[in-house]
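Take a look at the letters that make up each chain.
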Amino acid sequence: MALDEPRADDEVIDAGDGIRVVVDRSSWFFVDEPLKIDYDPEEKVFRIRAAGFVIPDKIRL
């Protein structure tokens, strides 16, 4: 898995302010509610949350 550059079949979303979100289409899922990205400074990871759950993967910088 390459983390530096998107692969040909990845979805690249321009989130503004120079931030690009790259999604592996095989990992793509649908959530019918707003998502929130939280940063945990103690663990130095991001977590994606929705109203009813936390997506289990931790995203490291």
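Scroll up to find the structure this text is about.
Residues numbered from 1 in each chain as written. Predicted model: local features only at pLDDT ≥ 70, side-chain atom pairs only at ≥ 80, totals over all residues. Heavy atoms only, no water.

Draft legend 1. Inspection of the pattern of salt bridges at higher detail. Taken as a whole and judged by the stated rule, the model has four salt bridges. Residues Arg 7 and Asp 10 are paired through a salt bridge, measuring 3.8 Å at the closest nitrogen-oxygen approach. Residue class for Arg 7 comes out partly exposed when judged on its relative accessible area of 37%. Residue Asp 10 is classed as buried on the basis of its relative accessible area, which comes to 14%. As a salt-bridge pair, Glu 43 and Arg 47 come within 2.9 Å of each other at their nearest N and O atoms. For Glu 43, a relative accessible area of 32% puts it in the partly exposed group. For Arg 47, a relative accessible area of 15% translates into the label buried. Several salt bridges converge on common partners, so that one network encompasses Asp 40, Glu 43 and Arg 47. (Salt bridge = Lys/Arg side-chain N within 4 Å of Asp/Glu carboxyl O. Buried < 20%, exposed > 50% of the residue type's maximum accessible area, 1.4 Å probe, protein only.)

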